[in-house]
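Spelled out, the chains give:
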Amino acid sequence: MTAATLDAGGAGRNLHYVAQKRRVREDRRFVAGTGKFVQDIALPDTKHAAVLPSPYSRARILSIDSTAAAALDGVHMVLTGQQMAEDCNPIRLGLKLPDIKWYPLAVDMTRYAGEWVAIVVADNAYIAEDALELIQVDYEPLAPVIDPEQAFDETDLLVHPDHGSNVLYHGNFLWGDVVGDFAAADDSLTLRTRWGRSSTVPIETFGALARWDEGTEILDIWASIQMPNFVELLATTLGYPLNNIRLHQDVDVGGSYGVKRGIKQSVLVGYLSRKLKRPVRLIEDRLVNMAGGDAHGPDRIFDTEAAFSRDGVIKSLKIRALDDAGAYPGRAPFQLAKPISAIVGPYTINSVKYEAISVATNKTGQVPVRGFGQAPTNYMIEMTVDAVARHLGLDRLEVRRRNLIPSDAFPYQIPSGSSYDSGDYQVVLQKGLDLARYDELLQRRDSARAEGRLAGIGIATCLEPGGGNNIFEYLMDPTAEITTFMEACEVKVDPQGKITGMMGTTTSGQGHETLFATILGEELQIDPDEIRIVHADSLTALPTRSPVASRMAIMLGGAATGAAAKIKDRAMAIAAFNLERPVEDLEYAGGTISDRNDASRKLTWAEICFIAYRAYHKLPPGMEPGFHAQHVFQVPGGGQLPDAQNRVQIYPCFSFQAHIPYVEIDPGTGKVSVLDYAIAHDCGTVINPDIVRGMVIGGLAHGIGAALYEQFAYDEEGQFLSASFADYLMPSVHEIPDVKDVEHCTPSPLTSHGQKGSGEGGYLGAPAAIASAVNDALQPMGLSLSELPMRMHKIEALINDGPG
Amino acid sequence: MSKREISLSINGKAHTAAMEPRLSLLDFLRDEVGLTGTHVGCEHGVCGACSILFDGAPIRACLMLAVQADGHAITTVEGLCNEDGSAGTLQDAFQDAHGMQCGYCTPGMLISAQALLAHNSDPSLAEIKDAIGGNLCRCTGYVQIIEAIQLAARRLREAGP
Ligand code: FES
Ligand code: FES
């Protein structure tokens, strides 16, 4: 690819590094096997921890006898929840639920199968696991509450009796004239859809290593953690001042997509390392991770009512979402709030009533997962659109075309307050159809059907909100006046003129180092390969929140652009002073600054750097010596509290995708084969094409998993049935089709280079698209499914035994 | 527990070591030899993150004991680099095609691909899928990994035997 001219953020700039196919710098260490993952970090005298999971979903802990375990040769400590609770605070929850006490180890009571009840520290993990077998726990098993609808109604079986109810959150929102729109509509329908409990399941489990240094009173933590701001939770739980904790962020994280938070794990190793005065590490094994690693995603039932016209234009929605947060809610309830930012999807729906309920059950606690609740919501919206089409006997594609927000309507404000920044939905959909060769695909489906096969095409047109500002917390808790979720960086030019960018988060596969270097290179006109990127630790980093919400291209991109501008301003000021010319007469080109009217009057980058570091007498009066800049970037378009109707801008940027998969189903076994998949994607300006393409396709594959295979299943007793990769089915290469993808670019007017978010998009649409395809395949038999995952035994039972 | 001594070759170098018989080959390579490129994903033989070459054939280091490697030759991802430590052809192709994201499954993918390309420099799509069918990747959806292996195969063919 040659330097492309993109209408980036309306600037019409000639781009040299942004949007060019360039290698991803992180890849170099990964192919050599020299990435630095937490498990690769070896500190002298490190001790190893292993945890004891509860075999019961709900039980009273009558006693724990760890005498034999503690006596085992090589064991340094056995800790129980009771002992630990004396020394630490409960982990702070997202919502203020003071009677729900969440400790790293269960105290008195276990609330899900797999909850950690004790931890052993030993010379190595083998001995620690030997010791676990010697711990005697006396449990009194109790009846659990597993079904979320039962949990909602339940008054006796309470996960947290002190809380007085299993309901963690119950809110009602009304945007626009729902009653009027329903009354005026030609028709309406109701639909129940269910999103199953699955997650991102990174191939690396969670791990943490801690070392307490008595001399400096600093607790150093290395962890496979995505969230720099979780040191705040760590500090409050351990009861230490925040500046006693140093989270190292130069750790490679082996995948996260939301879940790598590891708060209880980090609290445990932090606490133990201080007690033992030695480094302690805890690396979850796969079974511990799946059952009790706090990494499950949303588990949601939607009851939706749609009002629409005879020709399929949807006027209004009434949505009731009941979400199963599991035993300890963390930030789970907020995953019901984010989708408010795109509650009508890409459609011109006029009004919405939204009832959001989060309940506790005796299952593993839910954590944020890729899209923060948007994937289930998109699934529900798309299923509703398909249902409207089916109800009216109209084509699904045509119904979408009639409902998509037109390209001349942007910025477009939806009923819940978001202003969508930009988009060209009809064109992107058409690109997807062209890529899929839709007419041929229809013929292929129909000839397959004529041969007696079950074949279906899926269609989903979905949004990906990016760059959120966290104001959704306020929607659920009006004491949470949080109106920023900033991101910052520092850029240093050293005495040799070389550039180092410092970011304040880890990277977990999104290529943030490449993103950062590319934007700095673009802005400073310097080859990004010459720019070094480092990760500051939590004590030295500037204010930063985390790589959630498809936000780093927007937010780190914005911070990098801002810092680069300050570097350039400084260089210009030095040049103006020394060349005795006004700044307006000067031109910056690749670091050299010259007079536009007389090119011989110039200052080279080396000269500017020398002056900045060594020649105080040549600095403009009042300028500090040295050469660096910091920039803290606020989320664009936000920063306000909601209005009286609870309308607010949560996310600045909205990416869009059209998914068109083709599937065939084996009627004998119910096995779905995804044979083809086309996706058209628009995230504005693409900073690095390979990175964006990878995340789009990877997210899509993840979505195929959520649609067809992946499930954290529990039986009626609350026994966890999906602890291994043999039970939790993650798609292998054989389950993923050859994906055809195409990009479209509608730049965002709100970001530095027109970029939007791209880390979640594939995942936010694929489950809806696959469900649409499966239902298209089942339609000739008059059958349909609305519950994910659509595992083969369910489809087989439906085909062979009929509904119910 | 009493220790047993073994001798083996790792990435072309001779090693002698003593260990408890229950030590897994994976933990031995990572914790005792210090070759942390081989990763731990499940320890029950499904994910393939721990793949290594054992006498040239791909195996899962989490399912073997270190003592079983006595007298055998092992190649880990570190051994795919050129003598000077630079990236080999396959590793180069993975970078050019961006056949990874978080890099956690990558060593296992490289090992499986290496085992394929060692005896087949013109693999079909189905052969590539079979070769990496036992390696899970959460990040990529496999497409760019397949493209990386195809690119490496082409470069190997162009370079000739
Ligand atoms: S760690 Fe060996 S196969 Fe997963
Ligand atoms: S690159 Fe992350 S698991 Fe494959």
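Computed from a predicted model, the values in this text were never measured in an experiment.

### Topic: the overall build of chain A
- The number of helices and strands found in chain A is 20 helices and 31 strands.
- The C-alpha radius of gyration of chain A comes to 27 Å, within 12% of the 28 Å expected for a compact globule of 804 residues.
- In terms of overall dimensions, chain A has C-alpha extents of about 85 × 75 × 50 Å along its principal axes.
- For chain A, buried positions account for 65% of its 804 residues.
- Contacts spanning at least 24 positions in sequence make up 79% of the contacts within chain A whose residues lie at least 6 apart.
- Counting only carbon and sulfur atoms, one obtains 49% of the accessible surface of chain A, whose full area is about 27,100 Å².
- Treating the 71 positive side-chain charges of chain A as one cloud and the 101 negative ones as another, the clouds have centres 4 Å apart.

### Looking at helix H20 (residues 792-801) of chain A
Residue and element names in this part refer to chain A.
- Those residues of H20 lying buried are Ile795, Leu798 and Ile799. One side of H20 carries all its buried residues, which in axial view fall inside an arc of 95 degrees. Residues of H20 that are exposed and point more than 90 degrees away from the buried face comprise His793 and Asp801.
- Along its buried surface, H20 packs onto strand S20 (454-457), strand S29 (653-665), strand S30 (672-682) and helix H19 (761-778).
- Glycine 802 sits one or two positions beyond H20 and adopts a positive phi of about 80 degrees.

### Quick notes on the packing of aromatic side chains
All names here are of chain A.
- By the definition in use, this model includes 21 aromatic pairs over all chains.
- Here tryptophan 605 and phenylalanine 627 contribute two aromatic rings whose centre-to-centre distance is 5.6 Å and whose plane-to-plane angle is 45 degrees, an arrangement assigned as tilted. With tryptophan 605 in helix H17 (residues 605-614) and phenylalanine 627 in the loop between H17 and strand S28 (628-633), this residue pair connects regions lying 22 residues apart in the sequence. Pair check on accessibility: tryptophan 605 and phenylalanine 627 agree, each one buried.
- Site record: aromatic cluster; members linked through ring pairs are Phe712, Tyr714, Phe720 and Tyr728.
- Residue placement shows arginine 274 over the ring face of tryptophan 212; its charged tip is 4.0 Å from the ring centre.
- Against the face of phenylalanine 152 rests arginine 320, its NZ or CZ located 5.3 Å from the ring centre.

### Points about the pairing of strand S24 (residues 532-535) of chain A
All names here are of chain A.
- Side chains of S24 alternate between two faces, with Ile533 and His535 buried and Arg532 and Val534 left unburied.
- Here strand S23 (residues 499-503) pairs with S24 via four bridges, running parallel. The residue of S24 that forms the bridge with methionine 502 is valine 534.

### Digging into the side chain of histidine 659 of chain A
Residues and elements named next belong to chain A.
- When you line up the elements, histidine 659 lands in strand S29.
- Among the polar contacts made by the side chain of histidine 659, one reaches the side chain of glutamine 657 at a distance of 2.6 Å.
- One polar contact links histidine 659 to tyrosine 677, side chain to side chain, over a distance of 2.7 Å.
- With near-sequence residues (within four places) excluded, histidine 659 lies in contact with Gly458, Ile459, Ala460, Tyr677, Ala678, Ile679, Gly761, Gly762, Gly765, Ala766 and Ala769.

### So, unusual backbone geometry
All names here are of chain A.
- Of the consecutive residues phenylalanine 410 and proline 411, the connecting peptide bond is found in the cis state with omega at -5 degrees.
- Inspection of the secondary structure assignment puts proline 411 in the loop between helix H11 (396-403) and strand S18 (412-413).
- Proline 789 follows leucine 788 through a cis peptide bond whose omega is -5 degrees.
- Here proline 789 lies in the loop between H19 and H20.
- The residue glutamate 217 is not glycine, and still its phi comes out positive at about 55 degrees.
- Mapped onto the secondary structure, glutamate 217 falls in the loop between strand S11 (207-213) and strand S12 (218-223).
- Glutamate 217 sits in the partly exposed class, given a relative accessible area of 44%.
- Positive phi, close to 60 degrees, is recorded for asparagine 646, a residue that is not glycine.
- Its place among the elements puts asparagine 646 in the loop between S28 and S29.

### Considerations on the interface of chain A and chain B
- Facing the 55 residues of chain A at the interface are 50 residues of chain B.
- For the pair chain A and chain B, the number of links is seven salt bridges.
- Two residues, arginine 693 of chain A and glutamate 147 of chain B, come together in a salt bridge whose shortest N-O distance is 2.7 Å.
- At the surface where chain A touches chain B, the tally comes to 22 residue pairs in polar contact (both at pLDDT 80 or more).
- Elements represented by at least two residues in the side of chain A that touches chain B include exactly helix H1 (25-31), helix H4 (125-132), helix H9 (286-292) and helix H18 (689-708) of chain A.
- Sort the elements by how many residues they give to the side of chain A that touches chain B and H18 of chain A lands first, with ten residues.

### With respect to the side chain of histidine 160 of chain A
All names here are of chain A.
- Its place among the elements puts histidine 160 in the loop between helix H5 (148-153) and strand S9 (167-175).
- With a relative accessible area of 4%, histidine 160 lands in the buried category.
- Not counting residues up to four positions away in its chain, the partners in contact with histidine 160 are Ile100, Arg111, Ser165, Ala327 and Tyr328.

### Comments concerning the nonpolar core
- Grouped together as the largest cluster of nonpolar side chains are 304 residues, with contacts concentrated most on Tyr354, Tyr420, Tyr677 and Leu708 of chain A together with Leu25, Phe28 and Phe94 of chain B.
- Tallying contributions element by element places helix H16 (residues 552-579) of chain A first for this core, with 16 residues.
- Every residue in contact with leucine 25 of chain B, bar those within four places of it in the chain, is listed here: Ile52, Phe54, Ile59, Ala61, Met64, Leu65, Ala66, Ala69 and Ile74 of chain B.
- In this structure, Ala59, Val75, Ala106 and Ala131 of chain A belong to the second largest nonpolar core, which totals 18 residues.

### Quick notes on the domain arrangement of chain B
All names here are of chain B.
- As far as domains go, chain B holds domain 1 (4-80) and domain 2 (89-159).
- Tallying the contact residues gives 17 residues for domain 1 and 13 residues for domain 2.
- Both faces combined, the contact of domain 1 with domain 2 buries some 1,200 Å², and carbon together with sulfur accounts for 65% of it.
- Among the residues of domain 1 in contact with domain 2, His39, Val77 and Leu80 are the three that bury the most area, contributing 40% of the side total.
- Counting across the domain 1 and domain 2 interface gives zero salt bridges.
- At the level of secondary structure, the elements contributing two or more residues to the side of domain 1 that touches domain 2 comprise strand S3 (51-54) and strand S4 (57-60).

### Focus on the confidence of the model for chain B
- Put simply, chain B has an average pLDDT of 97, and 99% of its residues get 70 or more.
- Our summary of model confidence lists the complex with pTM equal to 0.97 and ipTM equal to 0.98.

### A look at the packing of helix H15 (residues 512-524) of chain A against H16 of chain A
Residue and element names in this part refer to chain A.
- Relative orientation of the contacting elements H15 and H16 amounts to 35 degrees, with a least axis distance of 9 Å. The interaxial crossing formed by H15 with H16 has right-handed handedness. Residue-level contacts link His512, Leu515, Phe516, Ile519, Leu520, Glu523 and Leu524 of H15 to Met552, Ala553, Leu556, Gly557, Ala560, Thr561, Ala564, Ile567 and Lys568 of H16.
- Grouping the constituent residues of the contact of H15 with H16 by class yields eleven nonpolar, three polar and two charged.

### Side note on the pattern of salt bridges
- Counted by the stated rule, this structure contains 60 salt bridges over all chains.
- Two residues, aspartate 299 of chain A and arginine 194 of chain A, come together in a salt bridge whose shortest N-O distance is 3.2 Å. On the criterion of sequence distance, the pair formed by aspartate 299 of chain A in the loop between H9 and strand S15 (300-308) and arginine 194 of chain A in strand S10 (residues 187-195) is long-range, its members being 105 residues apart.
- Given the relative accessible area of 5%, aspartate 299 of chain A is considered buried.
- For glutamate 20 of chain B, the salt bridge is made with arginine 22 of chain B, and the minimal N-O distance between the two is 3.3 Å.
- Glutamate 20 of chain B sits in the partly exposed class, given a relative accessible area of 25%.
- Take arginine 22 of chain B: its relative accessible area is 25%, and that puts it in the partly exposed class.

### Remarks on the sheet that holds strand S25 (residues 586-589) of chain A
Residues and elements named next belong to chain A.
- Reading across the sheet, the three strands line up as S25-S26-S27 and stay open at both edges, with antiparallel pairing between neighbours. With partners counted over all chains shown, the strands left at the sheet margins are S25 and strand S27 (598-603), one partner each. Along the sheet, successive strands turn relative to each other by an average axial angle of 35 degrees, direction set aside.
- Here strand S26 (residues 592-595) runs beside S27; their pairing, made up of three bridges, is antiparallel. Bridging from a neighbouring strand, aspartate 595 pairs with aspartate 598 of S27.
- Contacts from H17 reach S25, S26 and S27 within the one sheet, and its direction differs from that of S27 by about 35 degrees.

What counts as what
Residues numbered from 1 in each chain as written. Chains lettered and ligands numbered in written order. Predicted model: local features only at pLDDT ≥ 70, side-chain atom pairs only at ≥ 80, totals over all residues. Heavy atoms only, no water. Helix = DSSP H or I, 4+ residues; strand = E, 2+ residues; numbered from the N terminus. Rg over C-alpha atoms; globule rule 2.2 N^0.38 Å. Buried < 20%, exposed > 50% of the residue type's maximum accessible area, 1.4 Å probe, protein only. Contact = heavy atoms within 4.5 Å. Areas by Shrake-Rupley, 256 points an atom, 1.4 Å probe, with all protein chains shown as cover. Lys, Arg positive; Asp, Glu negative; His and termini not counted. Charge placed at Lys NZ, Arg CZ, Asp CG, Glu CD. Arc of directions from axis to C-beta. Phe/Tyr/Trp six-rings, centres within 6.5 Å; stacked < 30°, edge-to-face > 60°. Lys NZ or Arg CZ within 6 Å of the ring centre and 35° of its normal. Pairing = 2+ DSSP bridges. Polar contact = N/O pair within 3.5 Å; in protein donor to acceptor, adjacent residues only side chain to side chain. Salt bridge = Lys/Arg side-chain N within 4 Å of Asp/Glu carboxyl O. Core = buried A, V, L, I, M, F, W, Y, C linked by side-chain atoms within 4.5 Å. Domains from an automatic or database assignment. Buried area = accessible area lost by both parts, 1.4 Å probe. pLDDT = per-residue confidence, 0-100. Axes fitted to C-alpha atoms, helices over the stretch in contact; angles between N-to-C directions. Left-handed = near helix turned anticlockwise from the far one by under 90°. Nonpolar A, V, L, I, M, F, W, Y, C, P; charged D, E, K, R; others polar.

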